[in-house]
Amino acid sequence: MNRITSAVHSLAQTRGSFYLYDERSIFRHIDLLKETFPQARFLYSIKCNSNPHILQSVFSLGLGADAASLGEVLAAGKAGLSPDQIYYSAPGKTSEDIRRSMSEATLIADSTGELLRIQAAAEEAGKVVHAGVRINPDFSFGGGTGTSSKFGIDESQVYEFLAENPLKNVVIDGIHVHLKSQELRFDVLSEYYRNVFRLAEAFEAAAGCQLRFLNLGSGIGIPYSPTDRPLDFEALKNTAAELFDSFRASHPDTVIFIETGRFAVGKSGYYVTRVLDRKISRGKTFLILENTLNGFLRPVLARLICRYSPDLSPEGCEPLFTCRDECEILTFREEPPTERVTLAGNLCTAADVIAEDIFLPHLEPGDIIALTNAGSYAAALTPFQFSSQEPPAEFFLTAGGEILS
Ligand SMILES: *Cc1c(COP(=O)(O)O)cnc(C)c1O
């Protein structure tokens, strides 16, 4: 039995449904990022999984924080990061969010209105703050022309705005771009980086400043479906090296950040639930599981989306939906699959189905099932309140083999 299987079994003695996060997987994935981009530093996108053990683990490896709310800014500070390691980027920050985070994090302004609000808050506090701006560039992730976005300031507006609105109390010396998550093609990622480096140089020329940081956003994906081909990190490293090295050489004082949420922790997570009942209705076998839609939302949502979409492979809508067959279903049984079953949950809605007509070994009430790819956007996205059931617990298996709750 490997370490995951034995941890799952020992927890399942007393728990009905729970998440288990494996620290070794987190270490492996972050090591791979560091090997691929030795010129960059990394920010962990807390919103994908804010479990305190995960934060401790990720930050212990030297990552900073990509915070999407004041709450995440404060959580990163509580986990031990200093303000210069926390980058707060989100649309719609309130003046209160700005005031309270100003000395706890580096703010990244998401609009021209927000820049003015940061100026007002800094002036009121009698401070000069260093901040970044999120830019909606003239290019798209795939290299086409830019599109309208609720995020950031259009590249075509930002220079004029900064020229016409000198901000006495705000020094803008960083830029942030993030256009897409879950990319598995190395050449598309490299081209995207090339375009962002070019944008950074144009920004410096127009704004007459040296960037203190350039945040390239996320994009690096993980294989979800068995048909997904994992990102080729060797090829990514080879194509990206020249771009990163040359930017590094001309900007020795600019920190290059890459954000990562799902890549760091997505594969580390397992969602474990147990069979509560089995029944046959008009020839169809149902296994009723504990906490499905209200335990791990994504696979239920994926099934619904695929059911209502005319496409065989509907386009992803991150972070809610990636693809059909988003996770593997493990039964920890030696026997081969022998029966066709539908996995439904114990909620009072017919929509609460994780998989329909799949082949599994014979399972009885009390047997356990684990779903993979449950480390990111899993516990964090799931509506635990629905139906007032006991929410799943979360456990963390340390690299040393200890289970923490
Ligand atoms: C959500 C988000 C991320 C994390 O994306 P992953 O695909 O989980 O790595 C990074 N940056 C921004 C701005 C985000 O909104």
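Residues numbered from 1 in each chain as written. Predicted model: local features only at pLDDT ≥ 70, side-chain atom pairs only at ≥ 80, totals over all residues. Heavy atoms only, no water.

Labelled according to an unreviewed UniProt entry, the protein appears under the name Diaminopimelate decarboxylase, originating from Candidatus Lachnoclostridium stercorigallinarum. Within the UniProt record for the protein, the comment given under Cofactor (unreviewed entry) is "pyridoxal 5'-phosphate". (UniProt positions renumbered as here; feature names shortened; annotations may be inferred.)

(A) Expanded view of the overall build of the protein. Assigned secondary structure in the protein consists of eleven helices and 18 strands. A compact globule built from 405 residues would reach a C-alpha radius of gyration of about 22 Å, and the protein, at 23 Å, matches this within 12%. Principal axes of the C-alpha set define a box for the protein whose edges measure 70 × 45 × 40 Å. Out of the 405 residues in the protein, the part that is buried amounts to 53%. Partitioning the intrachain contacts of the protein with sequence separation of at least 6 by distance along the chain shows that 70% fall at a separation of at least 24. Accessible area of the protein: about 17,800 Å², with a carbon and sulfur share of 51%. Between the centroid of the 37 positive side chains of the protein and the centroid of its 51 negative side chains there is a distance of 4 Å. (Helix = DSSP H or I, 4+ residues; strand = E, 2+ residues; numbered from the N terminus. Rg over C-alpha atoms; globule rule 2.2 N^0.38 Å. Buried < 20%, exposed > 50% of the residue type's maximum accessible area, 1.4 Å probe, protein only. Contact = heavy atoms within 4.5 Å. Areas by Shrake-Rupley, 256 points an atom, 1.4 Å probe, with all protein chains shown as cover. Lys, Arg positive; Asp, Glu negative; His and termini not counted. Charge placed at Lys NZ, Arg CZ, Asp CG, Glu CD.)

(B) Representation of helix 4 (residues 70-78) within the structure. Among the residues of helix 4, L70, E72, V73 and A76 are the ones counted as buried. Along the long axis of helix 4, the arc covered by the buried residues comes to 165°, so they all point the same way. On the buried face of helix 4, the contacting elements are helix 3 (52-60), strand 3 (64-67), strand 4 (86-89) and helix 5 (95-101). Remark: G80 follows helix 4 within two positions and exhibits a positive phi of approximately 110°. (Arc of directions from axis to C-beta.)

(C) Molecular detail of the nonpolar core. Formed by 103 residues in total, the largest nonpolar core has its most connected members in F37, Y44, F59, Y193, I220 and F244. The element best represented in this core is helix 8 (residues 186-207), accounting for nine residues. Setting aside its immediate chain neighbours within four residues, I220 contacts L33, F37, E183, L189, Y193, L231, F233, I258, R262 and F263. Of all hydrophobic cores here, the second largest spans 14 residues; its members include A7, A12, Y270 and L397. (Core = buried A, V, L, I, M, F, W, Y, C linked by side-chain atoms within 4.5 Å.)

(D) Broad picture of the UniProt feature "active site" (unreviewed entry) in the protein. Per the UniProt record, "active site" (unreviewed entry) is found at C348. Along the chain, C348 turns up in the loop between strand 14 (339-345) and strand 15 (353-360). Among the residues examined, C348 registers a relative accessible area of 83% and is labelled exposed.

(E) Focus on the packing of helix 2 (residues 23-36) against helix 3. Running from N to C, helix 2 and helix 3 point in directions that differ by 35°, and their axes come no closer than 10 Å. Crossing of helix 2 over helix 3 shows right-handed handedness. Residue-level inspection shows E23, I26, F27 and I30 of helix 2 in contact with helix 3, the latter providing I54, S57 and V58. Residues of the contact of helix 2 with helix 3, tallied by class, amount to five nonpolar, one polar and one charged. (Axes fitted to C-alpha atoms, helices over the stretch in contact; angles between N-to-C directions. Left-handed = near helix turned anticlockwise from the far one by under 90°. Nonpolar A, V, L, I, M, F, W, Y, C, P; charged D, E, K, R; others polar.)

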